[in-house]
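Given next are the chains, with one letter for each unit.
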Amino acid sequence: MSTPGQLNPSQRLHLLTSCQYADKLLSEIEATLVASQSKSPFPKFKPDISPAQAKVVQDYIARMRAQLVRILDAQGVPIPAPHIGSVHSIRVTLGFADIAFDECRPKRMAGYGELADSAATEIAGLVDEMQGIISRLDSYLAQGQTADLAQRLRRLEEAGSDIALVKALERAINQHGLVEFRPALGTIIDRLETNAFEIAVFGRVSSGKSSLLNHIVGQDLLPVGVNPITAVPTRLAYGSEPRATAWFADRKPEQFATERLAEFVTEQRNPANIQHVTRIVVELPAQRLREGVVYVDTPGLGSLATSGAAETKAYLPRCDLGVVLIDAGSTLTEDDLATIQTLYDAGIPACVLLSKADLLAPTDRDRALEYVAGHIRSDLGLELPVHAISIKAEYSDLLEKWLDTEILPLYDRHAELARRSLNRKIGALRLGVEAALKAHLKRSGSGGRSGARIEIGKVRDLETQLRTAAGRIAQKRTGCLDMTDALRDCADEFIRTVADDLTGAWESGASATGQDIIKNKLEKAAAERAAQIASAIQEAARDAGSVLATAAIALETENRPEQDELLDVLKNMPRFDLGNLEVEVGRSAMTSLFGRRWAAARVERRIRTQAGDQITDAVGIYARVLQAWVRKTFSELQERFDSYADGYRAHLDRLAANKTGVADEQALQDDLVALAAAAPEPAEDSAPGTAA
Ligand SMILES: Nc1nc2c(ncn2[C@@H]2O[C@H](COP(=O)(O)OP(=O)(O)OP(=O)(O)O)[C@@H](O)[C@H]2O)c(=O)[nH]1
Ligand SMILES: [Mg+2]
């Protein structure tokens, strides 16, 4: 029913759709105006409209729209709210842009005719560069509002942190659009927020990591159990109210009650991390967290480990102190020793605990402690104390004693080291930002007296060098992935080689037989493949490092990788482990009778019947694990390379640009002055390159 003077429902609907259509056409006109001013290299329209004309068109559009709203309002037609988020729409479109660049990869280009090697490298580099930018923009958008670094800094300041320099950096980066420095600034703010002293607990599946942390914070917070449980590293930090936050690779962070933790952190509820959780922080008002220490629970390592183990390995070198649990109810394994070794290699202090000590009688416990300490000494050459602990109430004095004597005294010393390393990061960022601001100033005409002056040909040449270096990383990555693919089918070849080696050794008089020899030889064969991959990665890292060094020298910037910084990615390469190999091959008396070929074939057959399946499985699993590691390592290499190359590219871009009047000279000067004012007196620990 409609009131007199008003339209009926169908008429109202018709009015609304007509207005919507007309408005869409007005938007198209607006888009034409924007396009006519576009900086796109492929403009759609000729710029034959004057600014005055454009202004008049815009004014008329605004008048029509205002009128439109009034008409609908008078007829009581509600204006529908939009359903699609702008961020979502931008991210979807970015996805298509990503695909468009992918279509230019050398493999696809080759479909249009043969591609010269040098061109392929440059094209691969170009695609990587563009896809890298897209992925950084996309992950920035995926973080939602928390990506607002300024807001996070305000919160830190409210909490009493002294962050004048970081704030000045944020302002300069934001104001002058120096997006290339955002990741470095983000890392620094992450560190400031977490207070940066992380004690992480490592160990094989079910060694009691989560139970220990529950005990330390005094509540049943983390899920525990006999099967593999923890799937995502989980940080426990101080907070006045209990609450948990999860960050995801592909959506906004979510806050939830700590009771729901299992939905995000367990292998059962979040298998293989299908929810793409990237970080979980649980805040608790626990006394032990008060001093600003963060405890980190990690997914278990070892043969039963799940996909979370890769996360643990990637995280391992980032903690400030590593606590390694050895299960008293099981035996010390290679994995345990490898974990300790990795911590040691990364310069992180390690603390070894014999967990579940209640399972052993006191004398056995002492013997077990000596056994573990002895192996760490003999196998790793490290002198580390080993303490027994248990979560059982009767044994609480063990745990308390360990915390009091080993953990508490470490708080201060390592907080100091963490502070130094953070100051170094901030110092390096300041140098980079200052160089960028000076380059801006120079372009705007007067100003900056330092920074490199480079002719345009050289600028282009440096750009090409950076691009081809990125291309070579991409090609090396493909090569290494192919190698791990090939490894999958290598079990037969390994068995053949081992059989041949063994018969060869017999021929020359050796009497070696048995599973240890065969196991060693098989592991050596796999290790050789792994070594090839490692050396390819090394080569890629060296090459990338030297290109970055060349660019840094040309740009006269201090913001450059330290010696071997890129080589650093080559860590924690998984080793091939056959486990318990049950195979027995006796030396045959008939070897000399039928010849070596025959003997080798016989040995090969015997190994195959006794352990063929086990070896094939183990090689297949190793190939998969190694492949995951190769992917991770290359993405880390690429990330580290980009963290410098991006800054250089932006710098080169500014040197090459000859636009005028873009930068507000006064604002640039102000920011340079603000940075200098906020910077601390040059102290020994703020200089880049000082060893921690
Ligand atoms: N007897 C005894 N059992 C323990 C102790 N600590 C943990 N457990 C048990 O060991 C099992 C595994 O404990 P979790 O804390 O889940 O082990 P985890 O290392 O976190 O395991 P993942 O997360 O799967 O790697 C559980 O059944 C616990 O009850 C202890 O001190 N003594
Ligand atoms: Mg656990």
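Preceding block: the structure.
Residues numbered from 1 in each chain as written. Chains lettered and ligands numbered in written order. Predicted model: local features only at pLDDT ≥ 70, side-chain atom pairs only at ≥ 80, totals over all residues. Heavy atoms only, no water.

**Quick look at the pattern of salt bridges**
Part 1 of the reasoning: Scanning all chains against the criterion turns up 38 salt bridges.
Part 2 of the reasoning: Note that Arg260 is salt-bridged to Glu263, the shortest N-O span being 3.0 Å.
Part 3 of the reasoning: Overlapping salt bridges bring together Glu122, Glu129, Arg467, Asp642, Asp646 and Arg649 as one network. (Salt bridge = Lys/Arg side-chain N within 4 Å of Asp/Glu carboxyl O.)

**Points about the environment of Gln255**
Part 1 of the reasoning: As for its placement among the helices and strands, Gln255 is situated in strand E4 (residues 254-256).
Part 2 of the reasoning: Residue Gln255 is classed as partly exposed on the basis of its relative accessible area of 49%.
Part 3 of the reasoning: Taking the C-alpha atoms as reference, Gln255 lies 9.7 Å from Val282; in sequence the two are 27 residues apart.
Part 4 of the reasoning: When residues no more than four places from it in sequence are discounted, the contact partners of Gln255 are Arg243, Ala244 and Thr245.
Part 5 of the reasoning: For Gln255, the side chain forms a polar contact with the side chain of Arg243, separated by 3.5 Å. (Helix = DSSP H or I, 4+ residues; strand = E, 2+ residues; numbered from the N terminus. Buried < 20%, exposed > 50% of the residue type's maximum accessible area, 1.4 Å probe, protein only. Contact = heavy atoms within 4.5 Å. Polar contact = N/O pair within 3.5 Å; in protein donor to acceptor, adjacent residues only side chain to side chain.)

**Thoughts on unusual backbone geometry**
Among all residues save glycine, negative phi is the norm, and among peptide bonds the norm is trans.
Part 1 of the reasoning: Here Ser206, not a glycine, exhibits a phi torsion of approximately 65 degrees, which is positive.
Part 2 of the reasoning: Among the structural elements, Ser206 can be located in the loop between strand E1 (197-203) and helix H9 (209-217).
Part 3 of the reasoning: With relative accessibility at 24%, the residue Ser206 sits in the partly exposed group.
Part 4 of the reasoning: A positive phi is found at His276, a non-glycine position, where the angle reads about 55 degrees.
Part 5 of the reasoning: Within the secondary structure layout, His276 lies in the loop between helix H10 (261-265) and strand E5 (277-284).

**Comments concerning the layout of surface pockets**
Part 1 of the reasoning: The calculated volume of the second largest pocket comes to roughly 440 Å³.
Part 2 of the reasoning: The wall of the second largest pocket is formed by 28 residues, among which Ser206, Ser207, Gly208, Ser211 and Lys356 lie closest to the centre.
Part 3 of the reasoning: For the lining of the second largest pocket, the element with the most residues is H9, which contributes four residues.
Part 4 of the reasoning: In terms of residue class, the lining of the second largest pocket is made up of 11 nonpolar, 13 polar and four charged. (1 Å grid on protein atoms, 1.4 Å probe; cavity = no way out; pocket = protein on both sides within 12 Å on 5 of 7 lines; lining within 4 Å. Points joined across faces, edges and corners; volume = space filled by probe spheres on them. Nonpolar A, V, L, I, M, F, W, Y, C, P; charged D, E, K, R; others polar.)

**Some thoughts on the coordination of the magnesium ion (ligand 2)**
Part 1 of the reasoning: In the first shell of the magnesium ion (ligand 2), the protein supplies Ser210 (OG) and Thr230 (OG1), at 2.1 Å from the metal. With Ser210 in helix H9 and Thr230 in the loop between H9 and strand E2 (234-238), this pair connects stretches of sequence that are 20 residues apart. Like Ser210, the residue Thr230 is buried in the burial classification. (Donors = N, O, S within 2.8 Å, 3.2 Å for Na, K, Ca; no water.)

**Some points on the site of ligand 1**
Part 1 of the reasoning: Among the 22 residues in the neighbourhood of ligand 1, the closest are listed as Lys209, Ser211, Ile229, Thr230 and Asp358.
Part 2 of the reasoning: Between Gly208 and ligand 1, the recorded distance is 3.0 Å, taken from a backbone N or O atom to an oxygen atom.
Part 3 of the reasoning: Of all the cavities here, the one that holds ligand 1 is the second largest pocket.
Part 4 of the reasoning: Among the residues forming the shell around ligand 1, the class breakdown is seven nonpolar, 10 polar and five charged. (Near = heavy atom within 4 Å. Sits in = over half its atoms within 2 Å of the grid points.)

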